[in-house]
Amino acid sequence: MAHKKTIDVQAAVAIAAAEAIAAKTQGTFGVGGLMLDQHGNVLQSLHNNVIKDGLIYDPTAHGERQLIDWYYAERAKGRELPEPQDITIVTSLDPCCMCSGAILAGGFNVVVAAPDKNAGLNYDSSADFHALPKALRSQASASFSYPAILGTSLYARASTGATPKSFFIGKTISEPTQALCSLVFEATSADVMEMFNTDLPQEVLKDPATLPASHALVSVLKQHYPDALTYRCKPHQPDAGLAPFLKQAMARDREYGGAGDAVALLDSFGNLLLCMPGRTAQSGIRSAFMETTRAYAQLRYKLMNGATPEQQNEVRHYLGHPKDGTFVFAKGPDASAVSFMNLGAYGSTMEGPLPLKNPAQFQYVQPSLPEAELAAVCAAMPPLYRNIIRIRPTQVADAALVSALV
Ligand SMILES: [Zn+2]
């Protein structure tokens, strides 16, 4: 659709709605979006890709996040594109915390159609952005637009937030288009979230460290991360033995343009599965957590897609959902847009309540914020994150691991 041009909010939202319908057909969250330059040229349009072929493909593959990574990938190839402050993303649904963090980290503008009372940044329609850390709210007020829906139905609303960029001549959305954006999402939301909760319970999971090194599952795991299964701790209790793996990834993160972050994923037996750096030189939103959660989901997808039911069953037994394991961040979240994106992406990885028997699912080694401040950031997030998933980052208990990363 790269040759199209639209100077009308309604026409742009209609493209996003068509993408949302395509997403529903694919069996994923019914959300779509597009990216426009400062003249209204459509640079790219796409839809949610969290689910493909009936499997979780990538929990971070929301429309807005993919558009931003697409933008940076195009620029890296040498394509001349306007600066993010001249770019507008139009989305059929209010951005979640991951996508909002990505939009703010890049400095893009966004025009939003349907609200999302559960996970949307503007979940209460106040447009005061109190779900964000304080320092990010004025940027959101200046870049997030909620155009007026003219009419008298429950979809009608006054415009709030920023004024859409001046190339937009028409600045309103029609009721039927807004209703379509809402209904397509509502028609998919419960089913897709349910897919995140069909994974096997921890009690029946099997230890991948018991598989022979020649097993296909082990070799695919080691292709993604050669050091997989070479470290093991007590379940959910990372110790100083994890430090060399984190330090190696932190060094690579600096090489790749980051500030030295790294995230490890341990399974429910305490096995190290992955430990990844970010790739921020390629895209400012490719943080270590985004890389790690995506790599694990795509690893499972690759092993399961096209496999026999028996093979799929084996993958599900040996590579459980990350909610039963532990993510270990080298650096704890701070109040930045990238950290907010990471917290949101963590929520998108879980999509449902964390198992009660695993309260320390999200751990960090070095704190970036005092514990109470970090808890306040999490407590202000939209209802999905604070009431359903209950994101609760905690510092690792092992003092030797903490001092090893100083
Ligand atoms: Zn999102």
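Procedures and definitions
- Residues numbered from 1 in each chain as written.
- Predicted model: local features only at pLDDT ≥ 70, side-chain atom pairs only at ≥ 80, totals over all residues.
- Heavy atoms only, no water.
- Pairing = 2+ DSSP bridges.
- Helix = DSSP H or I, 4+ residues; strand = E, 2+ residues; numbered from the N terminus.
- Contact = heavy atoms within 4.5 Å.
- Axes fitted to C-alpha atoms, helices over the stretch in contact; angles between N-to-C directions.
- UniProt positions renumbered as here; feature names shortened; annotations may be inferred.
- Buried < 20%, exposed > 50% of the residue type's maximum accessible area, 1.4 Å probe, protein only.
- 1 Å grid on protein atoms, 1.4 Å probe; cavity = no way out; pocket = protein on both sides within 12 Å on 5 of 7 lines; lining within 4 Å.
- Points joined across faces, edges and corners; volume = space filled by probe spheres on them.
- Donors = N, O, S within 2.8 Å, 3.2 Å for Na, K, Ca; no water.

The name given to the chain in an unreviewed UniProt entry is Nucleoside deaminase, with the source organism recorded as Duganella flavida.

(A) Structural context of the sheet that holds strand 15 (residues 394-395). Across the sheet, five strands lie side by side as 12-11-13-14-15; this open sheet has mixed pairing. Edge positions in the sheet fall to strand 12 (272-277) and strand 15, since each has one partner strand and no second. When strand 14 (residues 362-366) meets strand 15, the two strands line up parallel, connected through two bridges. Across the sheet, the residue bridging to Tyr364 is Gln395, located in strand 15. Running over the sheet, helix 8 (residues 288-304) touches strand 11 (262-266), strand 12 and strand 13 (326-331) and is turned about 140 degrees from strand 12.

(B) Layout of the UniProt feature "domain: CMP/dCMP-type deaminase" (unreviewed entry) in the chain. Sequence positions flagged by UniProt for "domain: CMP/dCMP-type deaminase" (unreviewed entry) are, in local numbering, residues 7-124. A helix fraction of 36% and a strand fraction of 23% characterise residues 7-124, whose end C-alpha atoms lie 29 Å from each other.

(C) View of the environment of Gly320. Mapped onto the elements of the fold, Gly320 is located in the loop between helix 9 (309-318) and strand 13. Look at Gly320 and you get buried, because its relative accessible area is 13%. If we ignore the near neighbours within four places in the chain, the residues touching Gly320 are Leu205, Tyr296 and Arg300.

(D) Broad picture of empty space enclosed by the protein. Taken as a whole and assessed by the stated rule, the structure comprises one cavity of 30 Å³ or more. Along the walls of the largest cavity sit 16 residues, with Leu205, Asp267, Ser268, Tyr296 and Gly320 positioned nearest its centre. When contributions to the lining of the largest cavity are tallied by element, the ones reaching two or more residues are strand 11 and helix 9.

(E) Structural context of the coordination of the zinc ion. Protein coordination at the zinc ion: the donors are His62 (ND1), Cys96 (SG) and Cys99 (SG), at 2.1 to 2.3 Å from the metal. Each donor residue of the zinc ion lies on one chain, and together they are spaced H-x33-C-x2-C. Taken together, the residues span a long stretch of sequence, with His62 in the loop between strand 4 (55-56) and helix 2 (63-76) and Cys99 in helix 3 (residues 97-106) at a distance of 37 residues. Taken individually, His62 and Cys99 each receive the classification buried, so the pair is uniform in this respect.

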